[in-house]
Amino acid sequence: MNGRIRGDGMDWHTFMSKYDRQIIFLVVLFLTFLPAFRPIGIPLPQFYLTNKTYYAIESLKPGDLVLISFDFTPGEWVELGIAMRDIMQHLFIKRARIVIIAFDPNGPAIAHRILGEIDLKGAVYGTDYVVLGYIPGFETGMAAFVSNPKMFERDYYGNPTVNMPIMNAFNTISDFKMYIFACLTWVDPWMRQFSGKIETIIGVLSSDIVPQVMPYINTGQLYSLIRGSRGAAEYEQLMGIKGEATAFMDAASLTVSLGVILTIVANYGYLKKKLGGR
Amino acid sequence: MSWVRRREIPLIIFAVTFFISLLQYYLKIPFLAEANTELSNWVLIMSTFALGTGLIALCMYHGKIIMQRRKGYFVSIIFFIAMVMLFSSYYLAPSFADYLYNEIYTPLSIAIICFTAFYNYTAIYRAFRIRNLDAAFFAFAAVFLMMMYAPVFEVVIPQTITVANWILDVPNMGASRGVIIGVALGTIAIAVRVLLGYERAYTG
Amino acid sequence: MSEFVTPLIVGALTLMAWSLLYRENVFYRIAEVLMVGFGMGYTLYISLSTLNRIWLQPLIQGKFWLIIPAILGLLLYTIYSKKYLFLSRWAMAAIAGAGSGYAVSRAIPVMIIGQIEGLGVKFSGLSTIDLINHIIATIACIATVSYFTFTIEHKGWIGGLARIGRWSMMLAFGSTFGATLYANQIFTIERAAFLAKYPQNVLLIVAVLLVVFDVYKRRKS
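Residues numbered from 1 in each chain as written. Chains lettered and ligands numbered in written order. Predicted model: local features only at pLDDT ≥ 70, side-chain atom pairs only at ≥ 80, totals over all residues.

*Asks:* Which parts of the structure should I look at to understand the overall build of chain B?
*Replies:* Of the regular secondary structure elements, chain B holds nine helices and zero strands. For chain B, the N- to C-terminal ordering of α and β elements is α-α-α-α-α-α-α-α-α. Its C-alpha atoms give chain B a radius of gyration of 26 Å, more than 25% over the compact-globule value 17 Å for 204 residues. In terms of principal-axis extent, the alpha carbons of chain B reach across some 70 × 55 × 35 Å. Relative to its 204 residues, chain B shows a buried fraction of 44%. (Helix = DSSP H or I, 4+ residues; strand = E, 2+ residues; numbered from the N terminus. Rg over C-alpha atoms; globule rule 2.2 N^0.38 Å. Buried ≥ 20, exposed ≤ 12 C-beta atoms within 10 Å, placed from the backbone.)

Put into structure tokens, the structure is as follows:
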């Protein structure tokens, strides 16, 4: 083999340098599609914080008040929406009373979608759960809600909240037993406003945020978290369902392994040359 | 009427709102609590009005393209059609609005976000070189965290996850704690700078 | 019918969005502008319905002073006028001032005092490994804060501490990068899982054939 590819007169090294982007794209697409056509079924180990979240919700008693906020855009449905759907289903199974708010404008629409997709287990709107809607102003909105959770005279659908039984179940933010929020950015505003006000705070977070919130986990300010779709797959495993997120894990294994291989390959030649040249 | 243009007016507004929202947390004075409630109400209303500013900018941008019949102006027409379709269906046909939002808009948003993944891989292959000790630490942590998110590594080589968990819970946690403290100090510093008039973002 | 048509529409839109991976083209721009258009349509709806809830209804019920924040909110739109731009700064200052006040008031107990409390340790029930890990984490934290101290020159022991801080931050940023790779990849995986199903996998075959045909045509010319 003389190292040349074809009539172009290009050798392998030049070919790889010229078409590396296209080759990488094709390999990524191949590894992404392969498990969709031929599932592999790689076992899914559990992360300790997913277990902690699951058992925290499992320990809720019927009627416990839980505050949920949907603070992400539809583009994050895969990372956060699937996990929130699993958690909402678990909460309805435990017959918790749920108050839903949103600090992102898209939150109420996503909450509305999830409520339409899960089994509500006979829960009655206004008595067992309510969607209060979008609270603008981001951190100012959070501070306003924390100081007065009954700030809304109408819910997201325009219904008056004054006669809803669930609205009489709380007066202050501390009446909530648990707060679960889903966000895709730094959690500092949520921690600043809610930390110390509600007993248990759980975050459903995009995987890239997880390393940054470990200090809050360490101090207990954030009780636990679910790390995106990987956490959702683990949660589905704990709930005993074979959901959407579980199906993605085979492809995750293959494609993320490619990242590891590329890191090693990219540096092998470079380091060999650098260390050999000394 | 030149007084309305003075820089001091937004600075005074910033200071008043800042001190009301800051002091209400530390001082339990009824007047302050009531002022804070009313202030937060006003800010929520202003923030809701602010949501429309991005919309206006986009409408002006696409409107200009259509008016000037620039190349590809039909794409701008599609923008207005999509916007009016979803907005009007929330009032005229809410179930169709739910369908558009859940079945069309959500998957489309996911598809548009996909590109970052592909460019991550090309960036790793082209630019990720361990040139010094700092980059070596970076690569070490990156590789082990990647392994943490690929279940196959945890199953085949469980020790990789022990290392990944250690990185996450010890050095990463310590450094992130330092960053959190730094961010908090920076937040306070920026607020003081605005109050003293050094930051002109809000005052002009 | 919609169980057949909707996946085809979404499959087509997904492939139009992904066509950017091949090259810049009008299909991608259509998909992008559709997404932005729908997003703006929803934003308009949610802003109007929220305004109705928090402003219009209370105003009708007698809280007439709420006309003031409405005027300030409308003044935000003067940002598009060079002559009256200064008016938009009044509302921006109010929003920023309130937000900063809430952030600063809570940053001290939660982010500073709360995290410094985390540096402390209860020795009872602590194993040797846990103690060593705690010391490493504490050193990493102090070193990171010292790295951002620019009023003292990074020489001598401060320089050494700052270097340790830099290494700790590299480990932290590397962790974030490794996690980000997965977080970004999962979107592609979800779309691929969708495209692999019938009937949208037919569109996948059509898209591949179109790309191959275009590559062949461009090489010929």
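More follows now that the structure is in view.
*Asks:* Can you walk me through the overall build of chain A in this structure?
*Replies:* Of the regular secondary structure elements, chain A holds nine helices and six strands. Since a compact globule built from 278 residues should have a radius of gyration of about 19 Å, the 24 Å found for chain A marks it as more spread out than a globular shape. Over its C-alpha atoms, taken along the principal directions, chain A stretches across nearly 85 × 40 × 35 Å. Counting across all 278 residues of chain A, residues that qualify as buried make up 51%. Pairs at least 24 residues apart make up 69% of the contacts formed inside chain A by residues separated by at least 6 positions. (Contact = placed C-beta atoms within 7 Å.)

*Asks:* What exactly am I supposed to notice about the interface of chain B and chain C here?
*Replies:* Quite often, the size of an interface is put as the accessible area lost when its parts meet. On the side of chain C, 96 residues touch chain B, which itself brings 95 residues to the contact. Counting residues per element, the ones that place at least two in the side of chain B that touches chain C are helix 1 (8-26), helix 2 (30-67), helix 3 (73-92), helix 4 (94-113), helix 5 (115-127), helix 6 (133-149), helix 8 (158-169) and helix 9 (171-195) of chain B. When the residues that make up the side of chain B that touches chain C are grouped by side-chain class, the tally is 72 nonpolar, 19 polar and four charged. (Nonpolar A, V, L, I, M, F, W, Y, C, P; charged D, E, K, R; others polar.)

*Asks:* Looking at this model, I keep getting lost on unusual backbone geometry. Mind explaining?
*Replies:* Negative phi values dominate among residues other than glycine, just as trans dominates among peptide bonds. Cis peptide bonds are those with omega within 30 degrees of zero, and the linkage from Y198 of chain C to P199 of chain C qualifies with 5 degrees. Note on placement: P199 of chain C falls in the loop between helix 6 (156-195) and helix 7 (200-220). We note that R95 of chain A has phi near 60 degrees; this positive angle belongs to a residue other than glycine. The residue R95 of chain A is located in the loop between helix 3 (77-93) and strand 2 (97-102) in this model.

*Asks:* Where do I start with helix 6 of chain B in this structure?
*Replies:* A turn of α-helix holds 3.6 residues, and therefore any two residues three or four places apart point the same way. Under the 1.5 Å per step criterion, the end-to-end length of helix 6 of chain B is 25 Å for 17 residues, consistent within 8% with the ideal 24 Å. For helix 6 of chain B, a buried count of twelve out of 17 residues is recorded, marking the element as mostly surrounded by other parts of the structure. The set of residues buried in helix 6 of chain B consists of F137, F138, A139, A141, A142, V143, F144, L145, M146, M147, M148 and Y149 of chain B. In this structure, the buried side of helix 6 of chain B is in contact with helix 8 (228-239) and helix 9 (244-276) of chain A, helix 7 (151-156) and helix 8 of chain B together with helix 6 of chain C. (Expected span 1.5 Å × (residues − 1).)

*Asks:* Honestly, helix 5 (residues 139-147) of chain A in this entry has me stumped. Any pointers?
*Replies:* Across the nine residues of helix 5 of chain A, seven count as buried, placing the element largely inside the fold. Buried residues of helix 5 of chain A: E139, T140, G141, M142, A143, A144 and F145 of chain A, and no others. Tucked inside the fold, the buried residues of helix 5 of chain A contact strand 2 and helix 6 (188-194) of chain A, helix 2 of chain B together with helix 4 (85-117) of chain C.

*Asks:* Explain the pairing of strand 1 (residues 65-71) of chain A here, please?
*Replies:* All names here are of chain A. Counting buried positions along strand 1 yields six of seven residues, so the element is predominantly enclosed. Of the strand pairs in this sheet, strand 1 and strand 2 are connected by five bridges, and their pairing is parallel. Note on strand 2: the bridge partner recorded for S69 is I101. Read as a crossover between parallel neighbours, the route from strand 1 over helix 3 to strand 2 is right-handed. As defined by bridge partners, strand 1 adjoins strand 4 (residues 178-183) across six bridges and the pair is classed as parallel. Across the sheet, F70 pairs through a bridge with A182, a residue of strand 4. (Pairing = 2+ DSSP bridges. Right-handed = clockwise from strand over helix to strand, strands pointing away.)

*Asks:* Looking at this model, I keep getting lost on the sheet that holds strand 6 (residues 224-227) of chain A. Mind explaining?
*Replies:* Hydrogen bonds along the backbone pair up the strands of a sheet, which may run parallel or antiparallel. Residue and element names in this part refer to chain A. Spatially, the six strands line up as an open sheet ordered 3-2-1-4-5-6, and their pairing is parallel. Only two strands of the sheet have a single neighbouring strand rather than two, namely strand 3 (129-134) and strand 6. The average undirected angle you get between the axes of adjacent strands in this sheet is 15 degrees. Those strands touched by helix 2 (residues 48-58) are strand 5 (200-205) and strand 6, and its axis lies near 115 degrees from that of strand 6. (Axes fitted to C-alpha atoms, helices over the stretch in contact; angles between N-to-C directions.)

*Asks:* Could you clarify how one ought to interpret the interface of chain B and chain A in this entry?
*Replies:* Chain B puts 42 residues into the contact, and the matching count from chain A is 46 residues. At the level of elements, helix 2, helix 4, helix 5, helix 6, helix 7, helix 8 and helix 9 of chain B are the ones that each hand at least two residues to the side of chain B that touches chain A. Residue composition of the side of chain B that touches chain A, by class: 27 nonpolar, ten polar and five charged.

*Asks:* Any chance you could explain the packing of helix 4 of chain B against helix 1 (residues 2-18) of chain C here in plain terms?
*Replies:* Each pair of packed helices can be described by the angle between their axes along with the distance between the axes. At a minimum axis distance of 9 Å, the contact between helix 4 of chain B and helix 1 of chain C shows a crossing angle of 25 degrees. With respect to helix 1 of chain C, the axis of helix 4 of chain B lies roughly parallel. Seen from above, helix 4 of chain B lies across helix 1 of chain C with right-handed handedness. Every residue of helix 1 of chain C that contacts helix 4 of chain B at E103, I104, P107, L108, A111 and I112 of chain B is listed here: T6, I9, V10, L13, T14, A17 and W18 of chain C. A breakdown of the residues in the contact of helix 4 of chain B with helix 1 of chain C according to their chemical character gives ten nonpolar, two polar and one charged. (Parallel < 35°, antiparallel > 145°, perpendicular 65-115°, else oblique. Left-handed = near helix turned anticlockwise from the far one by under 90°.)

*Asks:* How should I be thinking about the domain arrangement of chain B in this particular structure?
*Replies:* Split by domain assignment, chain B resolves into domain 1 (7-53) and domain 2 (120-192). Here the C-alpha centre of domain 2 of chain B lies 38 Å away from the C-alpha centre of domain 1 of chain B. (Domains from an automatic or database assignment.)

*Asks:* Any chance you could explain the pairing of strand 5 of chain A here in plain terms?
*Replies:* All names here are of chain A. A large share of strand 5 lies buried, amounting to five of its six residues. Across six bridges, the pairing between strand 4 and strand 5 is parallel. In the sheet register, A182 faces strand 5, and the bridge partner there is V204. On the question of chirality, the crossover connecting strand 4 to the parallel strand 5 by way of helix 6 is right-handed. In the sheet, strand 5 pairs with strand 6 via four bridges, with the strands oriented parallel. Paired with L205 across the two strands is R227, which belongs to strand 6.

*Asks:* I'm lost on the packing of helix 2 of chain B against helix 3 (residues 67-75) of chain C in this one. Help?
*Replies:* For the pair helix 2 of chain B and helix 3 of chain C, interaxial distance at closest approach is 8 Å and the crossing angle is 35 degrees. Viewed along their axes, helix 2 of chain B and helix 3 of chain C form a crossing whose handedness is right-handed. For the pair formed by helix 2 of chain B and helix 3 of chain C, the contact residues are W42, I45, M46, F49 and A50 of chain B on the first element and P69, A70, L72, G73 and L74 of chain C on the second. Of the residues that constitute the contact of helix 2 of chain B with helix 3 of chain C, the class distribution is nine nonpolar, one polar and no charged.

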